[in-house]
Amino acid sequence: MLTRARIRAVAFLAAAGVLAACTSSVNPAPEATTPQGAAPQPAEVTVEDPWIKATDEMMTGAFGTIHNDTGRDLHAVSAASPLSARVELHEVLAQGTTPVMSEMPDGFLIPAGGSYTLEPGGPHVMLMGLTAPIEAGEDVELTLTFSDGSDVTWTAPARTYSGAGESYMGDGEATEAP
Ligand SMILES: [Cu+2]
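Residues numbered from 1 in each chain as written. Predicted model: local features only at pLDDT ≥ 70, side-chain atom pairs only at ≥ 80, totals over all residues. Heavy atoms only, no water.

Draft legend 1. Up close: the side chain of Ser 81. Checked against the element boundaries, Ser 81 lands in the loop between β4 (74-80) and β5 (86-95). Classification of Ser 81 by relative accessible area gives buried; the value is 10%. Within the local environment of Ser 81, its side chain forms a polar contact with the backbone oxygen of Glu 141, the two atoms lying 2.9 Å apart. Discounting chain neighbours no more than four positions away, the residues touching Ser 81 are Val 87, Leu 127, Val 140, Glu 141 and Leu 142. (Helix = DSSP H or I, 4+ residues; strand = E, 2+ residues; numbered from the N terminus. Buried < 20%, exposed > 50% of the residue type's maximum accessible area, 1.4 Å probe, protein only. Polar contact = N/O pair within 3.5 Å; in protein donor to acceptor, adjacent residues only side chain to side chain. Contact = heavy atoms within 4.5 Å.)

Take a look at the structure:
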């Protein structure tokens, strides 16, 4: 499935700074500049193949590939969803032989012209304190906010997925993770 949620991000689109998407390398693009007198253009951030793990537990993870076609680096610093008051940007770290999730203090960096993949066993958007189950097929709205105050919102369909076996940090006993 290649549903691409189209999202507007408040950004300046560099006149010649539109680089090919879908590269995962960090692109040392120069700071985007706006031609004299040109109005700021809405730039595009898209989330490819978004999904969230269906669950009847209190927490779950959301995934997808974020493409940054804005011409400047984007730094996601927080996330939100109507389904949870506590949404965090997580990564999975090895703790001994056990993969353990923890909050990323510096968030996600999506390079200009590049992408950032959220996947089971890797970085993900974590929803905690869910008050209702998320059924497969349900659509869940998610928002990422960037360090410059702009944000993107998309809809992730819920899928059944058997976890990769990471443990949650805190919140008591280890639980199957996204
Ligand atoms: Cu997590």
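Draft legend 2. Region of interest: the coordination of the copper ion. Summarising the metal site, the copper ion is bound by the protein donors His 90 (ND1), Met 101 (SD), His 124 (NE2) and Met 126 (SD), whose distances to it range over 2.0 to 2.6 Å. Geometry at the copper ion is irregular, judged from the four donor atoms that bind it and their angles of 82 to 124° at the metal. (Donors = N, O, S within 2.8 Å, 3.2 Å for Na, K, Ca; no water. Tetrahedral: all angles 85-135°; square planar, octahedral: opposite > 155°, others 65-115°.)

Draft legend 3. Main features of the pairing of strand β11 (residues 151-159). As judged from the seven bridges shared by strand β10 (residues 139-146) and β11, these two strands associate in the antiparallel manner. From the neighbouring strand, Leu 142 faces β11, where its bridge partner is Trp 154. Here β10 folds back onto β11, and the loop between the two strands holds four residues, one of which, Gly 149, carries a positive phi near 95°. (Pairing = 2+ DSSP bridges.)

Draft legend 4. Inspection of the nonpolar core at higher detail. One finds Ile 52, Phe 108, Ile 110, Val 125, Leu 127, Leu 142 and Leu 144 to be the most contacted residues of the largest nonpolar core, which totals 30 residues. Excluding its chain neighbours within four sequence positions, the residues that come into contact with Leu 144 are Ile 66, Ala 76, Ser 78, Ala 79, Leu 89, Phe 108, Val 125, Ser 150, Asp 151, Val 152 and Trp 154. Listed in part, the five residues of the second largest apolar core include Met 59, Val 92, Met 126 and Met 128. (Core = buried A, V, L, I, M, F, W, Y, C linked by side-chain atoms within 4.5 Å.)

Draft legend 5. Summary view of the environment of Thr 145. Tracing the sequence through the fold places Thr 145 in strand β10. For Thr 145 and His 75, which are 70 residues apart along the polypeptide, the C-alpha to C-alpha distance reads 8.3 Å. Setting aside residues up to four positions removed in sequence, Thr 145 forms contacts with His 75, Ala 76, Val 77, Ser 78, Ser 150 and Asp 151.

Draft legend 6. Representation of unusual backbone geometry in the model. Unusually for a residue other than glycine, Asp 49 sits at a positive phi of about 50°. Inspection of the secondary structure puts Asp 49 in strand β2 (residues 43-53).

Draft legend 7. Local environment of the confidence of the model for the chain. Chain-level pLDDT for the chain is 77 on average; 67% of the residues reach the 70-or-more range. At the low end of the mean pLDDT range in the chain sits strand β1 (residues 4-9), at 40; at the high end sits strand β8 (residues 115-118), at 98. This stretch, residues 1-32, has a pLDDT under 50; its non-local contacts, to residues over four places away or in other chains, come to 83 contacts. Every residue in residues 34-42 is under pLDDT 50, and counting partners more than four places away or in other chains gives nine contacts. (pLDDT = per-residue confidence, 0-100.)

Draft legend 8. Representation of the packing of aromatic side chains in the model. One pass over the structure, following the stated rule, counts three aromatic pairs. With a centroid separation of 4.6 Å and an interplanar angle of 35°, the aromatic rings of Trp 51 and Phe 63 are classed as tilted. Here Trp 51 is found in strand β2, whereas its partner Phe 63 is found in strand β3 (residues 60-68), with 12 residues between them in sequence. Exposure remark for Phe 63: the relative accessible area of 1% places this residue in the buried category. Taken together, the aromatic side chains of Trp 51, Phe 63 and Tyr 161 make up a single cluster linked through ring pairs. (Phe/Tyr/Trp six-rings, centres within 6.5 Å; stacked < 30°, edge-to-face > 60°.)

Draft legend 9. Up close: the environment of Thr 46. As for its position among the elements, Thr 46 is in strand β2. The exposure class assigned to Thr 46 is buried, which follows from its relative accessible area of 2%. Along the sequence, Thr 46 and Val 152 sit 106 residues apart, while their C-alpha atoms lie 8.3 Å from each other.

Draft legend 10. Quick look at the pattern of salt bridges. Evaluated as defined, the whole model comprises three salt bridges. Between Arg 72 and Asp 148 there is a salt bridge, and its shortest N-O distance comes to 2.5 Å. Of this pair, Arg 72 sits in the loop between β3 and β4 while Asp 148 sits in the loop between β10 and β11, and the two are 76 residues apart along the sequence. Its relative accessible area of 14% is what places Arg 72 among the buried residues. Accessibility expressed as a relative area gives 42% for Asp 148, which makes it partly exposed. Between Glu 88 and Arg 86 there is a salt bridge whose closest N-O contact spans 3.0 Å. (Salt bridge = Lys/Arg side-chain N within 4 Å of Asp/Glu carboxyl O.)

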